[in-house]
Amino acid sequence: MAQATHYDVIIIGTGAGGGTLAYKLAASGKGILLLERGDYVPREKDNWDTKAVNLKGKYQTKEVWWDKDGKPLHPHTNYYVGGNTKFYGAALFRLRKEDFGEIKHYGGISPAWPISYEDMEPYYTQAEHLYQVHGLRGEDPTDPPASAPCPYPPISHEPRIQQLSDDFARLGLKPFHVPLGVMLDETNQQKSRCIRCDTCDGHPCLVDAKSDAQVVCVDPALEHPNVTLLTNAYVSRLETSTSGREVTKLIVQRNGGTEEYSANIVVVSCGAINSAALLLRSSNEKHPRGLATGSDVVGRHYMGHVNAVMLALSRCDNPTVFQKTLGVNDFYFGTKDWPYPMGHFSFVGKTDANTLASGAPAIVPNWTLDLMAKHSLDFWLTSEDLPEPNNRVTLNRNGEIVLSYEPNNLEGHLRLTEKLKSLLKHADCHEGLIPMNFFVGQGIPLAGVAHQNGTIRFGRDPKSSALDVNCKAYELDNLYVVGGSFFPSSGAVNPALTIIANALRVGDHLLERLG
Ligand SMILES: Cc1cc2nc3c(=O)[nH]c(=O)nc-3n(C[C@H](O)[C@H](O)[C@H](O)COP(=O)(O)OP(=O)(O)OC[C@H]3O[C@@H](n4cnc5c(N)ncnc54)[C@H](O)[C@@H]3O)c2cc1C
Ligand code: SF4
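Residues numbered from 1 in each chain as written. Chains lettered and ligands numbered in written order. Predicted model: local features only at pLDDT ≥ 70, side-chain atom pairs only at ≥ 80, totals over all residues.

Neighbouring residues of ligand 2: Val-182, Cys-194, Ile-195, Arg-196, Cys-197, Thr-199, Cys-200, Cys-205, Val-207, Ala-209, Lys-210 and Phe-322. Of the residues contributing to the shell around ligand 2, the split by class is nine nonpolar, one polar and two charged. (Near = placed C-beta within 6 Å. Nonpolar A, V, L, I, M, F, W, Y, C, P; charged D, E, K, R; others polar.)

What follows covers the confidence of the model for the protein chain. Considering every residue of the protein chain, the mean pLDDT works out to 94; 95% of them sit at 70 or more. Segment residues 428-436 is flagged for pLDDT under 50; beyond a separation of four residues in sequence, or across chains, it makes 21 contacts in the model. (pLDDT = per-residue confidence, 0-100. Contact = placed C-beta atoms within 7 Å.)

Let's shift gears to the environment of Pro-495. Counting through the fold element by element, Pro-495 comes out in the loop between strand S19 (479-481) and helix H10 (496-514). A count of 26 C-beta atoms within 10 Å places Pro-495 in the buried class. Separated by 408 residues in sequence, Pro-495 and Phe-87 have C-alpha atoms that sit 14 Å apart. Discounting residues that sit within four places of it in the chain, Pro-495 has contacts with His-451, Asn-453, Gly-484 and Ser-490. (Helix = DSSP H or I, 4+ residues; strand = E, 2+ residues; numbered from the N terminus. Buried ≥ 20, exposed ≤ 12 C-beta atoms within 10 Å, placed from the backbone.)

As for its position among the elements, Thr-20 is in helix H1 (residues 16-26). For the pair Thr-20 and Gly-57, spaced 37 residues apart in sequence, the C-alpha to C-alpha distance is 26 Å. Apart from the residues lying within four places of it in its own chain, the contact partners of Thr-20 are Ala-213, Cys-217, Ile-500, Ala-503 and Leu-504.

Put simply, helix H3 (residues 117-130) and H10 touch, their axes get as near as 8 Å, and they point 110 degrees apart. Viewed along their axes, H3 and H10 adopt a mutual orientation that is roughly perpendicular. Only Leu-497, Ile-500, Ala-501, Asn-502, Leu-504 and Arg-505 of H10 make contact with H3, whose side of the interface consists of Met-120, Tyr-123, Tyr-124, Gln-126 and Ala-127. Among the residues making up the contact of H3 with H10, the classes are represented as eight nonpolar, two polar and one charged. (Axes fitted to C-alpha atoms, helices over the stretch in contact; angles between N-to-C directions. Parallel < 35°, antiparallel > 145°, perpendicular 65-115°, else oblique.)

What follows deals with the pairing of strand S14 (residues 344-347). Side chains His-344 and Ser-346 of S14 all project onto a buried face; the interleaved residues Phe-345 and Phe-347 project onto the opposite face, where all are buried too. As defined by bridge partners, S14 adjoins strand S15 (residues 376-383) across four bridges and the pair is classed as antiparallel. Residue Ser-346 lies in a different strand from S15, and its bridge partner there is Trp-380. (Pairing = 2+ DSSP bridges.)

Before going further, it helps to spend a moment on the site of ligand 1. Taken together, the neighbourhood of ligand 1 is formed by 40 residues, with Gly-13, Gly-15, Gly-83, Gly-483 and Ala-496 sitting nearest. Looking at the shell around ligand 1, the elements that each hand over two or more residues are H1, strand S9 (234-240), helix H6 (272-281) and H10. Tallied by class, residues from the shell around ligand 1 come to 20 nonpolar, 18 polar and two charged.

The next thing to look at is the pairing of strand S10 (residues 247-254). Inspection of the sheet shows S9 paired to S10 by six bridges, in the antiparallel sense. Note on S10: the bridge partner recorded for Thr-240 is Val-247. Linkage of S9 to S10, two consecutive antiparallel strands, is achieved through a turn of six residues, within which Gly-244 is found at a positive phi near 80 degrees. Of the strand pairs in this sheet, S10 and strand S11 (residues 257-268) are connected by five bridges, and their pairing is antiparallel. Paired with Gln-253 across the bridge in S11 is Thr-258. As consecutive antiparallel partners, S10 and S11 are separated by two residues, and within that stretch Asn-255 has a phi angle of approximately 50 degrees, a positive value.

Moving on, we come to H10. Given 3.6 residues per turn, any residue in an α-helix points the same way as the ones three and four places further on. Look at H10: 26 Å from first C-alpha to last across 19 residues, which is about the 27 Å you get at 1.5 Å a residue. Of the residues trailing H10, Gly-515 is marked for its positive phi of about 80 degrees. (Expected span 1.5 Å × (residues − 1).)

So, about the packing of H1 against H10. Between two packed helices, what matters for the description is the angle formed by their axes and the separation of those axes. Between H1 and H10, the shortest axis-to-axis distance is 8 Å and the interhelical angle comes to 40 degrees. As judged from the angle between their axes, H1 and H10 are oblique. As H1 runs across H10, the sense of the crossing is right-handed. The segment H1 lies against H10, with Ala-16, Gly-17, Thr-20, Leu-21, Lys-24 and Leu-25 engaging Ala-496, Ile-499, Ile-500, Ala-503, Leu-504, Val-506, Gly-507, Leu-510 and Leu-511. In the contact of H1 with H10, the residues fall into eleven nonpolar, three polar and one charged. (Left-handed = near helix turned anticlockwise from the far one by under 90°.)

Through backbone hydrogen bonds, the strands of a sheet pair up, either in parallel or in antiparallel fashion. Here we have four strands laid out as an open sheet, ordered S4-S3-S17-S16, and mixed in their pairing. Both outer strands of the open sheet, strand S4 (72-73) and strand S16 (392-395), are each paired with one neighbouring strand and no more. Both strand S3 (residues 65-67) and S4 contribute to a ladder of two bridges, which runs antiparallel. Bridge pairing links Trp-66 to Pro-72 in S4. Its contacts with the sheet put H6 on S16 and strand S17 (401-404), and the angle it makes with S16 is roughly 40 degrees.

Spelled out as structure tokens, the structure:
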């Protein structure tokens, strides 16, 4: 067994949380070790091949999890340097200001965060600069106040999407340009790093032009001699001192052997599900149910949003290449006729027959998947699910992940779906467009854990939360958790920018602590 090797800080996981934190701490000169279970995504043509990526799931983990009934789950998640940001659609939203307070939903209460939007605002601004967000502040009627404009102009709509945006505006909505982390310079196509392709959402970027955590954070952090990355380094367990107050050892499976590392500060950032699993797996005499589990919240309150893809099919085709530019938040907090939050709709990347085949949607009579894909507008609908203690991550007796989840708060989502259908039916379409005739809906199954969050929540009361406001475990002096776990409630916009902003916030706290 290798000798224990000591660092100032060890960060476990290199995704939106861990990768960003490494970037933030890198210039401090402190000894920082990044432990990442995956490798770099290989750069190869398959990165942009929908058959390899969507149909064959080439880059997805082959790990098997289990649902509450003991059925196997094949999670749609990715273990690589950069974490799931290598595959994300780079829609980088701030939570709404109101999301930080308590919100009454039709299905229950979305609890308040222990910090306010104003506490997070400076970090959202930093996050948008770091991840090169392209957007237009104030277009979205629910946009929270911001101290700076978006650093880059919005990504333009292609003609079909612009027509839809105009139609929505005519119907009284306020459609907006989705804030996106892609390095597209529309004023200088020759020099632009991003080439505006149709394989962005769900794919790694072959030309490193997506603002993912590897490209914008981990690679620059590694230019500092004090930062080290070990790939294929799976952290299987954390051990503590006999008092149970400090993590003293990290047990790592690497190159077929077991290695040990230690640090003054240990940060777990393995994604919401794996972070909870690691703490649960690290039970010992002082922490019999797992680390930081005194309040019994570790693993609980799992949220993943109520998500759906809806294809709206018409006879006219949709030749859009990069579809993810348009969003609508008019129903986010509800309407006069239904005063409860419904959520958000925007787009997924443009589908093709391979992508549709992977989700096996209902086939419209006389249409092939290829024809459907050529004619579809491919909407993404997100509504908030509420933190239920029994929606949770546990381990089975083999130490494997069990994800128990009952969807909740569905009424708002159903109403959002109906609103969208009705809008499309009534859209005053331009010449060449006909009103939408068919809708093919597809709820995202349990294995679709893209928006996982909430399993190790932060709060001001150690009786009901595992982490304090700095994301330090109440029960351990040197253990922090960043990444999607800390959310006490999830809003209804994509989570990554909030995870990134929070990592920068925790980074400031750690820099102060490290001196
Ligand atoms: C297809 C797809 C599209 C998405 N689109 C968007 C979008 O448009 N906008 C948005 O906001 N969000 C999007 N998301 C979600 C977004 O990617 C996540 O919210 C975000 O990456 C979560 O950050 P994280 O740090 O919590 O976890 P991750 O980014 O998943 O990083 C966790 C890291 O920890 C590593 N790890 C796990 N366990 C261990 C262990 N035991 N030892 C060592 N390393 C470990 C993993 O390999 C991984 O690298 C998308 C996700 C997917 C999959
Ligand atoms: S080139 Fe641009 S659109 Fe294509 S994957 Fe890369 S960032 Fe996305």
